[in-house]
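Here's the letter readout for the chains.
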Amino acid sequence: MKRIIIDKSLCMGCLNCTIACMSEHSSGSKSIYELDLEDAANEGRNHITLDQCNKPTPIFCRHCDDPECVTACMTGAMTKNADTGKVSYDEEHCAACFMCVMSCPYGVLKPSSQKDKKVIRCDYCQDREIPRCVENCPTEAIKFVEVDK
Amino acid sequence: MRHVIIGASAAGLNAAQTIRSLCPTDEIMVISSEDKIYSRCMLHHLVSGHRTVDSIGFVAPDFFEINRIHWLKGTTVRSLDTAKKQVCLSDGGLVDYDTLLIATGALPSIPPIPNLRAAKNVFTLRELSDVTTMDHLIQEGVEAVIIGGGLIGIDAAVGLAARGVRVSVIEMADRILPLQLDKKSASRYEALFKQHGINVLTGKSVQEVLINDDMEAVGVRLSDNQTISASLIVVAAGVRPNTDWINDRAIKIGRGIVTDDCCRTTADSVFAAGDVAGKTGIWPLAVKQGVQAAYNMCGQKKVLDDNFNLKNAINFFGLQTISLGVIEEPDDSYEVDIYESATVYKKIIHKEGIVYGAIFQGDIVYSGVWTSIIGKHLSITRITNKDILDIDYSDFYKTTPDGQFCY
């Protein structure tokens, strides 16, 4: 399977990845020039936080081998594809219980700030060959790499 | 090799699926007393009318076909003979097993309240049939009493209120959801329920169910002697492991079926997982136990490393809460950090760098980290440069060679 491999030491916290994610998942055009940063509909699926030494730390969904979000899902909306390794999310079937948010050990998941949406999670940009965050990282702190399952 | 699984909910079906992935050619049989597969945790969405029977499933509709599992549905297991390695079905049929998983879940407890067992129109919220049989009583303006203000009781209340039923919840403790919430966080829900027309009565218990000549419930009398009329009563006073049918002495039963850390019971080749084992009542751990039992049933030893079951996610009327570990400090040697605003309440209980409990209400963004900090007893002593509420995974950041996060 492919995973977004993170090299924390190369991250300078420029948030290009977050903006890229927001653009890719925006309700309107996917152009960064038309992205409304204040529109909750465009919230990003990844985030950068500062650790206690003020070092920027990329927190991206790992599509874990043993995903706690999938284990916790009592509707079957969150599923792990055994072939691709990708964790997929069916928002339609989700009952918004937020057990996945509670269960993600790394704090990657969150509820949407929009009322009609449920959980915000990485989808590897659907059918894009390379996720937009990876494409937009200027320091190669994140790379999309084939890893052993 | 034939693996037989009794029960088709979280533990049972996850075990079945795992056995299939581990042992492609073994025979797998799932026996369930019900004939539909659904998530119990969504029954209240059926009550409310927001979902149908077909939309509360938790596995794909072709689950049994794609996993090549023989599903004996609508069949109850009457007894068990561990010496002969055989289960006896209610229709008299016998099923031999090489390994057996008991995943029969739990049954609602019915408290010894006068008339409660005898009265008609009294329901629990555990099985699909509970909802389908109460459905004809659910009408706008009908009065209902919910006995118990825990998660199931509140689920039922919210579901019924959505259909216009005038609901009263009776809870013995001084607040609703007393196992998950402290007074402050419970009061925010109580205010919301009031806004939505749900009558919450705390610090009171039901002394008697009032019935008419036809044995139909017409109301309840409370400990303060007030009476509340109701033509529909839902009992949500906890559950107990579903073990009554087990007559084989080889299987030791305590608070549930006694199991070791590999989900093995005291009988040879018999395993137990989920609510029936009495260790947990939450979905994620039932799934984990089911998966773990499957490994051991296939001869691959797997020990469960996660037993943290004091965790719940709550979402009623758009107010989200995560409750973890202890909700009140056990004594004043613990430190409590609280953040409060008009819409958000956060509380963290800790002592000497170990966090024992937390409540996050109104803002649960990225809060899963705290499930790990509390469940794995991770020390936060070294994180000195940050407010405790700002601690997140960056403070524990670590990766495996294949790029996964870990602690």
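Criteria and thresholds
- Each chain carries its own residue numbering, running from 1 in the written order of its sequence.
- All chains are assigned letters beginning with A, and all ligands numbers beginning with 1, in the order in which they are written.
- Local features in this predicted model are restricted to residues of pLDDT 70 or higher, and side-chain atom pairs are both shown and tallied only at a pLDDT of 80 or more, whereas totals for entire chains, interfaces and linings draw on every residue.
- Only heavy atoms go into the side-chain values, all of them from the structure, while hydrogens and water stay out.
- We call two residues in contact whenever any of their non-hydrogen atoms come within 4.5 Å of each other.
- Summed over both partners, the accessible area (1.4 Å probe) lost when two parts come together is defined as the buried area.
- We count a salt bridge whenever a side-chain nitrogen from Lys or Arg sits within 4 Å of a carboxyl oxygen from Asp or Glu.
- For the purposes of these results, a polar contact is taken to be a pair of N or O atoms within 3.5 Å, where, inside protein, one atom must be able to donate a hydrogen and its partner to accept one; residues adjacent in sequence count only when each atom of the pair is a side-chain atom.
- Lys, Arg, Asp and Glu make up the charged group, whereas Ala, Val, Leu, Ile, Met, Phe, Trp, Tyr, Cys and Pro make up the nonpolar group; the residues left over, Gly among them, are polar.
- We call two strands paired when DSSP finds no fewer than two bridges between them.
- Only DSSP runs of H or I reaching four residues or more are called helices, and only runs of E reaching two or more are called strands; each is numbered from the N terminus.
- Only the stretch in contact is used when a helix axis is fitted, and all axes are lines through C-alpha atoms; the angle between N-to-C directions ranges over 0 to 180 degrees.
- The aromatic pairing rule takes the rings of Phe, Tyr and Trp, using the six-membered ring of Trp, and pairs them if the centres are within 6.5 Å, calling planes under 30 degrees apart stacked, those over 60 edge-to-face and the rest tilted.
- Only protein chains enter the calculation, and the probe is 1.4 Å; a residue is then buried if its accessible area is under 20% of its type maximum, exposed if over 50%, and partly exposed in between.
- For a ring to carry a charge above it, either NZ of a lysine or CZ of an arginine must fall within 6 Å of the ring centroid while also lying within 35 degrees of the normal to the ring plane.

J.: Go over the interface of chain A and chain B, please, and point to the residues and values.
T.: If you look at the interface, chain A gives 43 residues, while chain B gives 44 residues. Here chain A and chain B share an interface that buries about 3500 Å² over both sides, 58% of which is from carbon and sulfur atoms. When the shortest N-O distance is used, the salt bridge between aspartate 402 of chain B and arginine 3 of chain A registers 3.7 Å. Between the two partners, chain A and chain B, sit 26 residue pairs in polar contact (both at pLDDT 80 or more). For the side of chain A that touches chain B, a count of residues per class yields 25 nonpolar, nine polar and nine charged.

J.: Lay out the pairing of strand S21 (residues 335-340) of chain B in plain terms, naming residues and giving numbers.
T.: Residues and elements named next belong to chain B. Across six bridges, S21 lies against strand S22 (residues 345-351) in antiparallel orientation. Residue aspartate 337 lies in a different strand from S22, and its bridge partner there is isoleucine 348. Linking two consecutive strands that pair antiparallel, namely S21 and S22, is a turn of four residues.

J.: Outline the sheet that holds strand S14 (residues 217-222) of chain B, listing residues and values.
T.: Residue and element names in this part refer to chain B. Overall, antiparallel pairing links the three strands, which are arranged S13-S14-S15 in an open sheet. Sheet topology places strand S13 (206-211) and strand S15 (227-229) at the edges, where each strand pairs with a single neighbour. Neighbour-to-neighbour, the strand axes of the sheet open up by a mean angle of 25°, direction not taken into account. The sheet contact formed by S13 and S14 spans five bridges and is antiparallel. What sits directly across from valine 206, in S14, is leucine 222.

J.: I'd like a description of the packing of aromatic side chains, backed by residues and values.
T.: Here the structure, examined in full by the defined rule, presents 18 aromatic pairs over all chains. With 5.4 Å between their ring centres and 70° between their planes, tyrosine 106 of chain A and phenylalanine 405 of chain B make a pair best called edge-to-face. Pair noted here: tyrosine 106 of chain A is in the loop between helix H3 (99-103) and strand S6 (110-111) and phenylalanine 405 of chain B is in the segment after helix H8 (368-375), and the two residues belong to different chains. Residue class for tyrosine 106 of chain A comes out buried when judged on its relative accessible area of 11%. Look at phenylalanine 405 of chain B and you get buried, because its relative accessible area is 3%. A network of ring pairs unites the aromatic residues Tyr106 of chain A together with Tyr393, Phe396, Tyr397, Phe405 and Tyr407 of chain B as a single cluster. For the cation-ring pair, lysine 302 of chain B lies above tyrosine 295 of chain B, with the distance from its terminal atom to the ring centre recorded as 4.7 Å. A cation over a ring is seen here: lysine 351 of chain B above tyrosine 334 of chain B, with NZ or CZ 4.8 Å from the ring centre.

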